[in-house]
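Spelled out, the chains give:
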Amino acid sequence: MSRKPDYLDELEAEAIHILREVAGQFEKPALLFSGGKDSITLVRLAEKAFRPGKFPFPLVHIDTGHNFEETIQYRDDMIARIGEKLIVGYVQDDIDAGRVVEQKGKNASRNQLQTVTLLNTIAKHEFDACIGGARRDEEKARAKERVFSVRDEFGQWNPKSQRPELWDLYNGKIHKGENVRVFPISNWTELDVWNYIRRENIPLPSIYFAHEREVITRNGQLMAASPFLNMDDEDVVQTKNVRFRTVGDMSCTAAVESYAFEIDDIINEISASNISERGARLDDKVSEAAMEDRKKGGYF
Amino acid sequence: MNMLKFLTAGSVDDGKSTLIGRLLYDTDSILDDQLEALQRSNRKNDDGTIDLAILTDGLKAEREQGITIDVAYKYFQTEKRKFIIADTPGHIQYTRNMVTGASNAGLAIILIDVRKGVIEQTIRHSFLVSLLEIPHVIVCVNKMDMVDYDENVFNQIVADYKAQISHKLKLNDVQYIPVSALKGDNVCYTSVKMPWYQGTSLLDYLETVETHTEDDTNYTRMPVQWVVRPQTDELHDYRGYAGKVLSGTFQLNDSVTVLPSGFTSTLDKIELFDQRPDEAMAGMSVTLHLKDEIDISRGDILVKTSQQPIVSQLIEADLCWMDTKPMDTTHMYLIQHNSKVTKCKISEVLYKMQINTLEQLHEEDFKLNDIGRVVIKTAEPLAFDLYQQNKANGRAVIIDSRTNLTVAALMFRAEA
């Protein structure tokens, strides 16, 4: 160990410390796994925190049914490799049971419906802490969120009555029915995550890298042509070289044109890019306060 | 590349959010779609330029009132360093938010409006920086454009600050920089408007200031967060103590004492996932193994046997009250010190600080944002150091078990 610790070591050590606090403070925690690079990073950090022991929590995936198949393949391969428990909550089940109603129209997406499925899954399994991969640099509302962020029994975040969070002392005490969302990579930026993935050699779903895909242009953004996207005669399908910067529901995650086939290309591309990562998500464009409103309602 | 976390403190109209906006803007940290969102938001400066303050005012209520309520974290990096800014509110009713933001800061920027000079809030902010012993302080005298970049006005404020504050409080390494956040003078670029100023720009200073204070190797500590026990056939006897080294450096074969029990053993193995380093330094999250089988669980702390901390149930501490419900000296609270949580009472109030004037008052009622010196009595002994000697093991929070809220910050000052 002659290598001098740098900022990635600091960020890693902080995240591992947070994960171990979750293990020590809660009865029934869970790790929310989306198949995106941030939650993949969390899995790697959990391995570093708890191996050679098992994770003290299962992984939970909220499946909108509108997934990129590469993500699901990656998820199943990863679970087989790490040998941990996976719980899947299906948005389709809530639609079938009439608990949520599918959106209509051209920009219909299941992105907002997944909040209900998430809250139902938390209630069903009585999770008291849910670890998520959100970062403070993603969005203004997230910039103010605590690492340990308490949700009331309706799953709501109250930004005005957040607990003071001092030093590295995280207070996870809650009343029955409440739960805590925990964000171990709060202090990481998108570039930090990519640099860490490169350093650790972590495999990613192939859609993060440039590939040929049929896309349509909608609201100035490239959307993957898929059965989940409501298309009409005005939509022109083109084949382009694209990649995705975030992995969400197929109906709301936009692609960027790219020739970044390797992780080094991606890091160069991000360093030179002038569009933020969430800028490629239609769901944040609705209003300036879009994220804050969704968080108050129990979104990740 | 290393990382610097810093805090910005100023009052409502000192232009704090504008300063941060300027730092982000001039370091190309604002992306096109974010700029576009700014353009859409319709809030402009008088001269029609974008109001950079909007970048940091994250919550709806704040945008409506035009003030920063909570701590907002912002991130940017240059070729030299990665920065994390804790943007904290300046108004007195948000003292607890400032303390929160200050708790992890390696540097504090104290903003002064050049037209107002040193005011009560400047004293309060400086007091908090001094209380938390933030290693570096930059006094930014802002809005220099409003006084025609006048050297004399700046010099007078520096003299006032020294007389009223830095001669009375223990502050480390204070720098004074005249800036205009609105126009960008001396923020990222040295100003041509103030040739009389010989120092560096704010960003230059942030990029070059020493971040690692001499790591004190006299206090080697690691609180146990989690015991790793796979209990599989092949790892039947595996028992690793997982935690983050608070301070100092553990080396293989060190004699290690477990507190509060006092059992001693030898450090057998250090694990960092798939690596087996010979030493574990402050800041590293590791798993330690001891030669002997000892009963160790979460809440215990491992220390070098030759470097024992204080073990006591009576502690004199500086306290900042952070809850709307006033402090109750008859109530049993919880204290969280590293991974240990135990019951506690505030058994004695020594004094309360009148922060704006730096006087000690003999009052016992502690309300939201009050700060003073108390004696804490804990149900179980804590193994701690004094904040002024080893910050990492000299701090704690108080939790109210009725509401589960974090109600106070503590900095341990003496064994009572």
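Engineer: Requested: an account of the overall build of chain A, with residues and values cited.
Structural biologist: Secondary structure summary: chain A contains eight helices and ten strands in total. The buried share among the 300 residues of chain A stands at 51%. Sequence-distant contacts, at least 24 apart, represent 77% of the contacts inside chain A between residues at least 6 apart.

Engineer: So what's going on with the overall build of chain B? Which residues, and what values?
Structural biologist: Looking only at helices and strands, chain B has seven helices and 22 strands in total. By its C-alpha atoms, chain B is 70 × 50 × 40 Å across when sized along the principal axes. A burial count over chain B gives 49% of its 416 residues as buried. Intrachain contacts of chain B at a sequence separation of at least 6 include 71% that bridge at least 24 residues.

Engineer: Requested: an account of helix α3 (residues 69–82) of chain A, with residues and values cited.
Structural biologist: All names here are of chain A. For α3, spanning 14 residues, the distance from its first C-alpha to its last is 20 Å, which sits close to the expected 20 Å at 1.5 Å a residue. Those residues of α3 that sit buried are Thr71, Tyr74 and Arg75. Buried residues in α3, looked at end-on, bunch into an arc of 100 degrees, giving them a common side. Opposite its buried face, α3 presents the exposed residues Glu69, Asp76, Asp77 and Ala80, each directed more than 90 degrees away. Contacts made by the buried residues of α3 are with β2 (59–63).

Engineer: Describe the environment of Asn393 of chain B, naming the residues involved and giving the relevant values.
Structural biologist: Residue and element names in this part refer to chain B. Structurally, Asn393 is set in the loop between β20 (371–384) and β21 (395–399). Taking the C-alpha atoms as reference, Asn393 lies 8.0 Å from His337; in sequence the two are 56 residues apart. Ignoring any residue separated from it by four or fewer positions in sequence, one finds Asn393 in contact with Tyr219, Arg221, Leu246, Ser247, Pro309, Phe384 and Asp385.

Engineer: I'd love a proper account of the packing of helix α6 (residues 190–200) of chain A against helix α7 (residues 263–272) of chain A, names of residues and values included.
Structural biologist: Residues and elements named next belong to chain A. Packing of α6 against α7 brings their axes to within 10 Å, and their N-to-C directions diverge by 165 degrees. Overall, the two elements α6 and α7 adopt an arrangement that is roughly antiparallel. For the pair α6 and α7, the crossing hand works out as left-handed. Two secondary-structure elements touch here, α6 through Glu190, Leu191, Trp194, Asn195, Ile197 and Arg198 and α7 through Ile263, Ile266, Ile267, Ile270 and Ser271. Per-class residue counts for the contact of α6 with α7 are seven nonpolar, two polar and two charged.

Engineer: Lay out the domain arrangement of chain A in plain terms, naming residues and giving numbers.
Structural biologist: All names here are of chain A. Domain assignment breaks chain A into domain 1 (7–192 + 289–296) and domain 2 (205–282). Taking only C-alpha atoms, the centre of domain 1 and the centre of domain 2 are 24 Å apart. Between domain 1 and domain 2, the contact holds 22 residues from the first and 18 residues from the second. Top contributing element to the side of domain 1 that touches domain 2 by residue count: α3, with three residues. Split into classes, the residues belonging to the side of domain 1 that touches domain 2 amount to four nonpolar, eleven polar and seven charged.

Engineer: So what about the sheet that holds strand β5 (residues 148–151) of chain A? Which residues, and what values?
Structural biologist: Residue and element names in this part refer to chain A. The mixed open sheet is built from six strands, whose spatial order is β3-β2-β1-β4-β6-β5. If you trace the sheet from one side to the other, it starts and ends with β3 (86–90) and β5, each paired once. Along the sheet, successive strands turn relative to each other by an average axial angle of 30 degrees, direction set aside. Summarising the sheet, strand β1 (residues 29–32) and β2 pair through two bridges and their orientation is parallel. Pairing of Leu31 across the sheet is with Leu59, part of β2. Docked against the sheet, helix α5 (residues 114–125) engages β2, β3, β4 (129–131) and β6 (179–182), running at close to 135 degrees with respect to β3.

Engineer: Requested: an account of the sheet that holds strand β4 (residues 107–113) of chain B, with residues and values cited.
Structural biologist: All names here are of chain B. Overall, mixed pairing links the six strands, which are arranged β2-β3-β1-β4-β5-β6 in an open sheet. Since the sheet does not close on itself, it has two edges, and those belong to β2 (72–77) and β6 (174–178), each with one partner. On average, each strand axis in the sheet is inclined to that of its neighbour by 25 degrees, with strand direction left out of account.

Engineer: Can you explain the nonpolar core? Please cite residues and give values.
Structural biologist: Counting residues in hydrophobic clusters, the biggest one holds 174 residues, and the most contacted among them are Ala108, Cys140 and Leu410 of chain B. Per-element tally for this core: the top contributor is helix α1 (residues 7–25) of chain A, with eight residues. For Ala108 of chain B, the contacting residues outside a window of four places in its chain are Phe6, Leu7, Ala9, Ala102, Val129, Ile134 and Val137 of chain B. One finds Ala210, Val247, Met250 and Ala255 of chain A within the second-largest nonpolar core, a separate group that totals 13 residues.

Engineer: Break down the pairing of strand β7 (residues 211–218) of chain A for me, with residues and values.
Structural biologist: All names here are of chain A. Alignment of β7 against strand β9 (residues 238–244), held across five bridges, turns out to be antiparallel. The partner of Glu214 across the bridge, within β9, is Thr239. Direction of pairing for β7 relative to strand β8 (residues 221–224): antiparallel, over a ladder of four bridges. The residue of β8 that forms the bridge with Thr217 is Leu222. Hairpin connection, β7 to β8: the antiparallel pair is bridged by two residues, and Asn219 has positive phi, about 50 degrees.

Engineer: Lay out the confidence of the model for chain B with the relevant residues and their values.
Structural biologist: If pLDDT is low for a region, its predicted coordinates should not be looked at in detail. Averaged over all residues, the pLDDT of chain B equals 90, while 90% of them reach at least 70. Model confidence for the complex: the whole-complex pTM is 0.91, and ipTM, which rates the interface, is 0.91.

Engineer: Can you explain the packing of α1 of chain A against helix α2 (residues 37–50) of chain A? Please cite residues and give values.
Structural biologist: When two helices pack together, you describe them by how their axes are tilted relative to each other and by the distance separating the axes. Residues and elements named next belong to chain A. Where α1 contacts α2, the two axes come as close as 9 Å, and the packing angle between them is 70 degrees. Looking at the two axes, α1 sits roughly perpendicular to α2. Contacts from Glu12, Ala15, Ile16, Leu19 and Arg20 of α1 reach α2 at Leu45, Ala46, Lys48 and Ala49. For the contact of α1 with α2, the residue count by class is six nonpolar, no polar and three charged.

Engineer: I'd love a proper account of the environment of Asn67 of chain A, names of residues and values included.
Structural biologist: Residues and elements named next belong to chain A. The topology assignment puts Asn67 in the loop between β2 and α3. For the pair formed by Asn67 and Gly35, sequence separation is 32 residues and the distance between their alpha carbons is 9.7 Å. Not counting the four nearest positions on each side in its chain, Asn67 is found in contact with Ile72 and Met250.

Reading the values: rules and limits
Residues numbered from 1 in each chain as written. Chains lettered and ligands numbered in written order. Predicted model: local features only at pLDDT ≥ 70, side-chain atom pairs only at ≥ 80, totals over all residues. Helix = DSSP H or I, 4+ residues; strand = E, 2+ residues; numbered from the N terminus. Buried ≥ 20, exposed ≤ 12 C-beta atoms within 10 Å, placed from the backbone. Contact = placed C-beta atoms within 7 Å. Expected span 1.5 Å × (residues − 1). Arc of directions from axis to C-beta. Axes fitted to C-alpha atoms, helices over the stretch in contact; angles between N-to-C directions. Parallel < 35°, antiparallel > 145°, perpendicular 65-115°, else oblique. Left-handed = near helix turned anticlockwise from the far one by under 90°. Nonpolar A, V, L, I, M, F, W, Y, C, P; charged D, E, K, R; others polar. Domains from an automatic or database assignment. Pairing = 2+ DSSP bridges. Core = buried A, V, L, I, M, F, W, Y, C linked by C-beta atoms within 7 Å. pLDDT = per-residue confidence, 0-100.

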